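Single-letter residue listing:
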Amino acid sequence: MSEIKFYNTFSKQVEVFEPVEAGKVKLYSCGPTVYSHPHIGNFRSFLMADLLKRFLAFKGFEVSHIMNITDVGHLLDDADEGADKLEEAARKEKKDPLEIAAFYIDSFNAAAEMLNMQPADSFPRATEHIQEMIDMISTLVDKGHAYVVGHNVYYDVTTFKDYGKLSGNTLDDLNAGARIEVNSEKKNPQDFALWKHDPKHIQQWDSPWGRGFPGWHIECSAMSSKYLGEQFDFHTGGEDNIFPHHECEIAQSEGASGKKWVNYWMHARFLMFDGEKMSKSKGNLYTIQELVEKGFKQNAIRYALISSHYRQNYNFTFDGLKAAETAIEKISQCVFTIKDKAKGNAETSVRDEVTAFINKAIAEFDAALCDDLNVSKALAAVFELVKDANKLADPTAGEAEAIVTAIEKIDSVLGVLKGAGEEEIPAEIVELAEQRKQAKLNKDWAAADEIRDKVTAAGFVIEDMPKHEYRIKKADA
Ligand code: AMP
Ligand code: ZN
């Protein structure tokens, strides 16, 4: 059996996985800031955690997973400045911040379900854990890691010797690169706010330091220790969480408990679009709902987002989505065909060579994922299995069952065979779209237009995509 290994952002090395408690895994993921619809970049990070969690369950671990919901304290600048993202959205949409949060939590849940994400055991919200945050801030003040200035509380980074280790920084380097500090209250430029006083802030709570609101980083320290304890196995997020968010979380949690906090830090590299990070601020984003509305299948979106290694940037393209659809089709077609071929066959025995190729595929799939979630290699093993299965001219019922069981086991990790979310485009419309594509390839524009009119009359729209591709939508979608 292969050892399970992961790249740890903290040590910058691939390490053998040893759980804190035998047979169990505790995993914390930084969840969405609920001020807008999450985009596919966000879901690339969330799905890395989903894949990790499903794989660890496949390996027999009992996994506890917590994903927080940020509904206060995340400022427009990921450091300590600017308006609160939720409050900014509330002002723009002329709503209460809690209404904004409720709306975008629904949006997140709907998209997560479309992507067949296994829900976390709990999704704690920052605004519902203010007391836990106040308690942790008080501990940090008592232990000399934090200081109070007026009604504000800051973390003194010089009191924590490992500050900068996760992101590979030293305080000297960070200070040299720091912008001119507007806030002269801080003792050191890298100190960060734990509690803030701002009369303009909409969401306010009483605290030992007066009315105010928590900094962004403290919520994850306070909520993870409440739900997972002071020491646990994994913490995940996107690469932009490494600094300052996770760096600050470590200083808070380890400063408060005096113990090592998280053993393995895993970060997904950015999903890119046209060479840039997909992000709300750049406006270059797609949501899951938008892609589904375009007629893309939900499981293909999931496949596309998980199928490249999480430590490499993923360049999102529509062609990539189409390729994902084709790949899933190959797997589901294999299941369908093998069952069909074995119909009426009562033989339950399985030939040795069939057992051998099934076991080989499962072992290779397992070994690839043990190697820091090498999903491309794992998928290669799946397609090898599909190829071998497709070669069987007359499988026994036992063989068909063994192959289907193996594919289902594999899919307990990949999660792509269920939840296709078919748009229910009728077969005759698909046929017309295909004829139109052929007409265009033959430069028969009149025929192409005529077919498009037929499709429109039937209540569907064909959308053209690069390389003569198309996407079919219901006209009212
Ligand atoms: P937010 O809702 O902004 O707090 O982000 C939620 C998660 O998505 C965080 O873990 C981010 O690091 C991650 N994230 C944001 N943009 C991208 C992207 N383009 N690619 C991958 N992960 C991202
Ligand atoms: Zn966090």
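Residues numbered from 1 in each chain as written. Chains lettered and ligands numbered in written order. Predicted model: local features only at pLDDT ≥ 70, side-chain atom pairs only at ≥ 80, totals over all residues. Heavy atoms only, no water.

## Comments concerning the layout of surface pockets
By volume, the largest pocket is sized at about 900 Å³. If you trace the largest pocket, you find 39 residues lining it, with Tyr 35, His 39, Asn 42, Lys 85 and Asp 240 closest to the centre. Mapped by element, the contributors of at least two residues to the lining of the largest pocket are α1 (40-58), α2 (85-93), α6 (216-228) and β9 (232-238). Class assignment for the residues of the lining of the largest pocket results in 13 nonpolar, 17 polar and nine charged. Taken together, domain 1 (5-268) and domain 2 (273-414) each give at least three residues to the lining of the largest pocket, which thus spans both. (1 Å grid on protein atoms, 1.4 Å probe; cavity = no way out; pocket = protein on both sides within 12 Å on 5 of 7 lines; lining within 4 Å. Points joined across faces, edges and corners; volume = space filled by probe spheres on them. Helix = DSSP H or I, 4+ residues; strand = E, 2+ residues; numbered from the N terminus. Nonpolar A, V, L, I, M, F, W, Y, C, P; charged D, E, K, R; others polar. Domains from an automatic or database assignment.)

## A few points about helix α15 (residues 445-457)
Here α15 is 13 residues long and its end C-alpha atoms lie 18 Å apart, about the 18 Å a rise of 1.5 Å per residue gives. All buried positions along α15 are accounted for by Ala 448, Ile 451 and Val 455. With its buried residues spanning 65° around the axis, α15 presents them on a single face. Turned more than 90 degrees off the buried face of α15, the exposed positions are Ala 446, Glu 450, Asp 453 and Ala 457. Contacts from the buried residues of α15 go to α14 (427-441) and β14 (460-465). Two residues or fewer past α15, Gly 459 is found with a positive phi of approximately 90°. (Expected span 1.5 Å × (residues − 1). Buried < 20%, exposed > 50% of the residue type's maximum accessible area, 1.4 Å probe, protein only. Arc of directions from axis to C-beta. Contact = heavy atoms within 4.5 Å.)

## Remarks on the domain arrangement of the protein chain
Each assigned domain of the protein chain is listed here: domain 1 (5-268), domain 2 (273-414) and domain 3 (427-474). Taking the mean C-alpha position of each, domain 1 and domain 3 sit 48 Å from one another.

## A short note on helix α7 (residues 242-257)
End to end, α7 covers 21 Å across 16 residues, agreeing with the expected 22 Å (1.5 Å per residue, within 8%). Extensive coverage of α7 is indicated by the burial of 15 of its 16 residues.

## Re the sheet that holds strand β3 (residues 24-29)
By way of backbone hydrogen bonds, the strands of a sheet pair with one another, either parallel or antiparallel. On the basis of which strands lie adjacent, the open sheet formed by four strands has the order β4-β3-β9-β10 and parallel pairing. Of all the strands in the sheet, just β4 (62-67) and β10 (262-268) have a single pairing partner and so form its edges. On average, each strand axis in the sheet is inclined to that of its neighbour by 20°, with strand direction left out of account. Inspection of the sheet shows β9 paired to β10 by six bridges, in the parallel sense. Of the residues in β10, the one forming a bridge with Phe 232 is Val 262. With respect to the sheet, α6 is in contact with β3, β4 and β9, its orientation differing from that of β3 by roughly 155°. In this fold α7 packs onto β9 and β10, with an angle of close to 170° to the strand it touches most, β10. (Pairing = 2+ DSSP bridges. Axes fitted to C-alpha atoms, helices over the stretch in contact; angles between N-to-C directions.)

## Things to note about the site of ligand 1
Around ligand 1 sit 18 residues, and of these Thr 33, Ser 45, Asp 240, Asn 241 and Leu 271 come closest. Between a nitrogen atom of ligand 1 and a side-chain N or O atom of Ser 45, the distance comes to 2.7 Å. Gly 238 places a polar main-chain atom, nitrogen or oxygen, 3.0 Å from an oxygen atom of ligand 1. The protein chains hide 93% of the 500 Å² of surface that ligand 1 would expose on its own. (Near = heavy atom within 4 Å. Polar contact = N/O pair within 3.5 Å; in protein donor to acceptor, adjacent residues only side chain to side chain. Areas by Shrake-Rupley, 256 points an atom, 1.4 Å probe, with all protein chains shown as cover.)

## Let's talk about the pattern of salt bridges
Tallied over the full model, the rule gives 24 salt bridges. The partner of Asp 206 in a salt bridge is Arg 211, with the nearest N and O atoms 3.0 Å apart. With its nearest N and O atoms 3.3 Å apart, the salt bridge here joins Lys 343 to Asp 340. (Salt bridge = Lys/Arg side-chain N within 4 Å of Asp/Glu carboxyl O.)

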